[in-house]
Amino acid sequence: MKSISPIHVGSNAERTKLHNRQVVLQCLRTLQTAGRAQIARASKLSTQTVSNIISELQSEGWLLEAGRVSKGRGLPAIQYSIRPTAATALGMEIRSDAVFAAVVDLAGNTLASDRTPVTDSRPERVAAAVSKMKSSVIDKAKIPASSLLGAGIVMPGPFGRVGLSDAGQSTLVGWHDVDPQALFSRALNIPVVIEHDTIAAVFAERVSGHAIDLDSYAFIYFGTGIGLGVMANGQVLRGAFGNAGELGHVVIERGGNPCACGNSGCLETYVSRFSLHKHLAKNNIYVSDGNELEALYDAGNPHLNDWLDHASAPLAQVIGMVENLFDPQSIILGGAMPAPLLDYLISQITLAPGSIADRSDRLTPRVVRGKSGRMTAALGGAAIIINELFVPRIAAA
Ligand SMILES: [Zn+2]
């Protein structure tokens with residue numbers, strides 16, 4: 001098994017070596033194909049260091065030779081690229097009613113995915129389901145289990161004991177005293193990272209979505225509620241206790257709709273799957289999944305249209321807020337809200353002119369729908385593992 005964690009690396013020399021490997025891999029990921037001299041220039045490492053790392057990576061099967069490019073005199077330079085299937089990552093999303101799984105390669109391609117309904121979300125049952133799904137997606141993807149770098153497991157936040165923990169409509173039952181990291185490490189037998197759905201969504205777009213070239217962007221994630229993930233200059237914002245981005249409980253209307261968190265006028269009571277389901281139920285329409293919502297939308301259901309028309313103004317309000325707070329290159333919308341509904345919401349919102357994002361030299365749209373659809377969180381879990389391979393987390397000694 002290949003190690004993804006630099007934590008156990010001992011000496012300074014070993015740490016430097018690992019850091020330089022990550023720098024070279026990250027260069028290759030950005031440049032796609034490059035020769036040794038080009039990597040040395042881009043990485044500011046010496047040509048000798050780059051040559052050593054390239055030889056090592058090549059002998060371990062991480063690289064493809066992509067022909068030679070002739071530049072001026074001398075022997076044409078061999079071009080290298082990352083072999084996408086040199087390693088893979090498993091991503092899983094645990095919801096109270098289903099588990100989603102995906103296997104992703106180093107280029108961000110989804111090799112296989114799967115969904116299993118869960119009727120009993122107690123920890124031991126979920127652990128058993130997760131272990132079974134690991135085997136099934138590995139078989140589907142036709143990869144050896146040894147190619148998995150690790151698993152990114154995505155669960156609904158907030159984590160730990162906070163005042164909001166009973167407010168979530170999607171909270172898993174019976175998980176209060178469970179250490180999910182230990183549970184899933186045992187069930188899967190590979191290194192495991194536990195993450196929020198919103199932060200996973202941020203990484204999903206970075207590995208294979210709109211944010212491949214972006215360093216500062218925000219993701220408004222529709223789960224059952226609504227959350228915000230922020231990437232600021234290449235670093236994801238977590239907050240002191242890992243719960244930053246509870247956008248759903250930002251008050252947008254004083255004395256507005258009562259919310260389960262105890263406040264009134266929270267965004268989640270106007271714009272979320274939960275608020276939509278509640279609005280439909282008031283009109284005796286009951287939907288259980290995204291496909292049924294999409295069918296209602298296609299049929300031009302007036303109650304759904306009514307909700308959409310009332311949701312766009314509060315959504316525009318928080319988009320303006322996020323722009324002014326974080327100055328993102330773009331804001332991406334995605335998650336469990338079906339694509340046609342998101343597209344309609346985006347087409348209906350009037351973006352505030354009084355925003356720092358309203359600038360004439362924009363290269364990216366202010367608001368765009370994400371690319372990964374309802375698998376966003378599971379793909380994001382895998383993307384977190386892949387991202388760790390490329391992004392140096394330790395300084396060179
Ligand atoms: Zn609230």
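Treat the numbers as computed from the prediction; the structure is a model and nothing was measured.

*Asks:* In this structure, what is going on with the overall build of the protein? I would like to understand it.
*Replies:* Along its length, the protein carries 11 helices and 12 strands. On C-alpha atoms alone, the protein measures out to a radius of gyration of 23 Å, which is about the 21 Å that the 2.2 N^0.38 rule sets for 397 residues. Once the C-alpha set of the protein is aligned to its principal axes, its extents read approximately 75 × 55 × 40 Å. Within the protein, the fraction of its 397 residues that count as buried is 49%. When contacts within the protein are restricted to residue pairs at least 6 apart in sequence, long-range pairs at least 24 apart make up 62% of them. Surface summary for the protein: the accessible area is close to 18,600 Å², and the carbon and sulfur share equals 51%.

*Asks:* Mind showing me how you'd approach the coordination of the zinc ion here?
*Replies:* Geometrically, a metal with four donors at the corners of a regular tetrahedron has ideal angles of 109.5 degrees, and one with six donors at the corners of a regular octahedron has ideal angles of 90 or 180 degrees. The protein atoms that coordinate the zinc ion are His249 (ND1), Cys259 (SG), Cys261 (SG) and Cys266 (SG), at distances of 2.1 to 2.3 Å. Of note, the donors binding the zinc ion are all from one chain and are spaced H-x9-C-x1-C-x4-C. On the basis of relative accessible area, cysteine 266 is assigned to the buried category, the value being 0%.

*Asks:* Before we go on, may I ask you to explain the domain arrangement of the protein in this structure?
*Replies:* By a widely used convention, the size of an interface equals the accessible area lost when the partners come together. Looking at the assigned domains, one finds that the protein contains domain 1 (6-82), domain 2 (87-201 + 379-387) and domain 3 (214-370). For domain 2 and domain 3, the distance between their C-alpha centres works out to 24 Å.

*Asks:* Could you clarify how one ought to interpret the packing of aromatic side chains in this entry?
*Replies:* The description of an aromatic ring pair uses the distance of the two centres, along with the angle that the planes make with each other. All chains considered together, the criterion is met by 3 aromatic pairs. Taking the centre distance of 6.2 Å and the plane angle of 45° together, the rings of phenylalanine 219 and tyrosine 221 count as tilted.

*Asks:* Help me understand the layout of surface pockets in this model?
*Replies:* Where empty space is left can be seen by rolling a probe of water-molecule size over the atoms. Quantified by volume, the largest pocket comes out at close to 720 Å³. Taken together, domain 2 (87-201 + 379-387) and domain 3 (214-370) each give at least three residues to the lining of the largest pocket, which thus spans both. As for the second largest pocket, its lining consists of 19 residues, and the residues nearest its centre are Gln26, Arg29, Thr30, Arg206 and Ile212. Those elements that place two or more of their residues in the lining of the second largest pocket are helix 1 (12-31), strand 2 (77-82) and helix 6 (197-208). Here the lining of the second largest pocket takes 4 residues from helix 1, the largest share from any one element. Residues of the lining of the second largest pocket, tallied by class, amount to 11 nonpolar, 4 polar and 4 charged.

*Asks:* How should I be thinking about the environment of alanine 211 in this particular structure?
*Replies:* For alanine 211, the location among the structural elements is in the loop between helix 6 and strand 8 (217-222). Owing to a relative accessible area of 0%, alanine 211 belongs among the buried residues under this scheme. With residues up to four places along the chain from it excluded, the contact list for alanine 211 reads Glu205, Arg206, Tyr217 and Ile332.

*Asks:* Teacher, can you tell me more about the pattern of salt bridges here?
*Replies:* If the charged atoms of two oppositely charged side chains come close together, the side chains can form a pair. Evaluation of the coordinates by the stated rule reveals 13 salt bridges. A salt bridge links aspartate 343 to arginine 369; the shortest N-O distance between them is 2.7 Å. Taken together, the residues aspartate 343 in helix 10 (residues 339-348) and arginine 369 in strand 12 (residues 367-369) connect sequence positions 26 residues apart. Of the residues examined, aspartate 343 reaches a relative accessible area of 34% and is grouped as partly exposed. Judged by its relative accessible area of 30%, arginine 369 falls in the partly exposed class.

*Asks:* Just to check I follow, could you spell out the sheet that holds strand 6 (residues 148-155) for this structure?
*Replies:* Note on sheets: strands pair through backbone hydrogen bonds, and any given pair is parallel or antiparallel. The 5 strands are arranged 5-4-3-6-7 in an open sheet whose pairing can be described as mixed. Two strands bound the open sheet, and with one partner strand each, they are strand 5 (110-117) and strand 7 (192-196). On average, adjacent strands in this sheet sit at an angle of 20° to one another, irrespective of strand direction. With 5 bridges connecting them, strand 6 and strand 7 associate as parallel partners. Bridging across to strand 7, valine 154 finds its partner in glutamate 195. Relative to the sheet, helix 5 (residues 180-188) contacts strand 3 (88-94), strand 6 and strand 7, its axis offset from that of strand 7 by approximately 135°. Each of strand 6 and strand 7 is contacted by helix 6, which is oriented at about 105° to strand 7, the strand it contacts most.

*Asks:* Can you walk me through helix 11 (residues 376-390) in this structure?
*Replies:* An α-helical turn contains 3.6 residues, so a residue and the one three or four places further along point in the same direction. Between its first and last C-alpha, helix 11 extends 20 Å over 15 residues, near the 21 Å set by a 1.5 Å rise per residue. The buried fraction of helix 11 is high, at 15 of 15 residues.

*Asks:* Help me understand the packing of helix 4 (residues 123-141) against helix 5 in this model?
*Replies:* Describing two packed helices takes the angle between their axes plus the distance from one axis to the other. Between helix 4 and helix 5, the least distance of the axes is 9 Å, while the angle of their chain directions is 40°. Between helix 4 and helix 5, the crossing angle belongs to the class labelled oblique. Relative to helix 5, helix 4 is oriented so that their crossing is right-handed. Here helix 4 contributes Pro123, Val126, Ala127, Val130, Ser131 and Lys134 to the contact with helix 5, which in turn contributes Leu183, Phe184, Ala187 and Leu188. Taken together, the residues of the contact of helix 4 with helix 5 sort by class into 8 nonpolar, 1 polar and 1 charged.

*Asks:* Before we go on, may I ask you to explain the pairing of strand 8 in this structure?
*Replies:* The two faces of a sheet get side chains in turn, since along a regular strand they alternate between them. With 6 of 6 residues buried, strand 8 lies mostly within the body of the structure. Residues of strand 8 alternate between two faces, with Tyr217, Phe219 and Tyr221 on one and Ala218, Ile220 and Phe222 on the opposite face, all of them buried. With 6 bridges joining them, strand 8 and strand 9 (residues 226-232) adopt antiparallel strand pairing. Within the sheet, the bridge partner assigned to alanine 218 lies in strand 9 and is valine 230. As consecutive antiparallel partners, strand 8 and strand 9 are separated by 3 residues. Here strand 8 runs beside strand 11 (residues 331-335); their pairing, made up of 5 bridges, is parallel. Following the sheet pairing, alanine 218 is matched in strand 11 by isoleucine 331.

Here is what the cut-offs are and how they apply
- Residues numbered from 1 in each chain as written.
- Predicted model: local features only at pLDDT ≥ 70, side-chain atom pairs only at ≥ 80, totals over all residues.
- Heavy atoms only, no water.
- Helix = DSSP H or I, 4+ residues; strand = E, 2+ residues; numbered from the N terminus.
- Rg over C-alpha atoms; globule rule 2.2 N^0.38 Å.
- Buried < 20%, exposed > 50% of the residue type's maximum accessible area, 1.4 Å probe, protein only.
- Contact = heavy atoms within 4.5 Å.
- Areas by Shrake-Rupley, 256 points an atom, 1.4 Å probe, with all protein chains shown as cover.
- Donors = N, O, S within 2.8 Å, 3.2 Å for Na, K, Ca; no water.
- Domains from an automatic or database assignment.
- Phe/Tyr/Trp six-rings, centres within 6.5 Å; stacked < 30°, edge-to-face > 60°.
- 1 Å grid on protein atoms, 1.4 Å probe; cavity = no way out; pocket = protein on both sides within 12 Å on 5 of 7 lines; lining within 4 Å.
- Points joined across faces, edges and corners; volume = space filled by probe spheres on them.
- Nonpolar A, V, L, I, M, F, W, Y, C, P; charged D, E, K, R; others polar.
- Salt bridge = Lys/Arg side-chain N within 4 Å of Asp/Glu carboxyl O.
- Pairing = 2+ DSSP bridges.
- Axes fitted to C-alpha atoms, helices over the stretch in contact; angles between N-to-C directions.
- Expected span 1.5 Å × (residues − 1).
- Parallel < 35°, antiparallel > 145°, perpendicular 65-115°, else oblique.
- Left-handed = near helix turned anticlockwise from the far one by under 90°.

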